[in-house]
Amino acid sequence: MMTYEFLTAWAQARFNIEDDRGASLVEYALLVALIAVVCIAAVSLLGSNASTKFDSIATTVGS
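Conventions we followed
Residues numbered from 1 in each chain as written. Predicted model: local features only at pLDDT ≥ 70, side-chain atom pairs only at ≥ 80, totals over all residues. Heavy atoms only, no water. Helix = DSSP H or I, 4+ residues; strand = E, 2+ residues; numbered from the N terminus. Buried < 20%, exposed > 50% of the residue type's maximum accessible area, 1.4 Å probe, protein only. Polar contact = N/O pair within 3.5 Å; in protein donor to acceptor, adjacent residues only side chain to side chain. Patch = residues over 30% accessible without salt bridge, like charges linked within 9 Å, V, L, I, M, F, W, Y side chains within 5 Å. Areas by Shrake-Rupley, 256 points an atom, 1.4 Å probe, with all protein chains shown as cover. Salt bridge = Lys/Arg side-chain N within 4 Å of Asp/Glu carboxyl O.

Participant: Just to check I follow, could you spell out the overall build of the protein chain for this structure?
Facilitator: Across its full length, the protein chain holds 2 helices and 0 strands. The buried share of the protein chain, reckoned over its 63 residues, is 0%.

Written out as structure tokens, the structure reads:
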């Protein structure tokens with residue numbers, strides 16, 4: 001009987017298959033970095049707008 005490892009090694013050697021597991025890790029890292037940048041931009045933009053609105057409300061309520 002042939003083992004899975006033997007068949008995998010044979011297929012890689014026969015068909016010159018490249019191992020691209022490392023590429024998916026880089027892609028995930030880039031995706032996480034992009035999501036972090038978008039979240040930081042959204043929080044900074046919405047945070048300043050929310051701060052302005054809360055200041056306006058506080059002024060109105062305090063009067």
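Participant: I'm lost on the environment of Ser48 in this one. Help?
Facilitator: Here Ser48 lies in helix α2 (residues 21-62). For Ser48, a relative accessible area of 40% gives the class partly exposed. Separated by 3.0 Å, the side chain of Ser48 and the backbone oxygen of Leu45 make a polar contact.

Participant: Got a minute to help me understand a nonpolar patch on the surface in this structure?
Facilitator: Residues Phe6, Leu7, Trp10 and Phe15 make up a contiguous nonpolar surface patch of roughly 450 Å² in combined accessible area. With respect to the helices, strands and loops of the structure, Phe15 is situated in helix α1 (residues 4-15). Judged by its relative accessible area of 53%, Phe15 is exposed.

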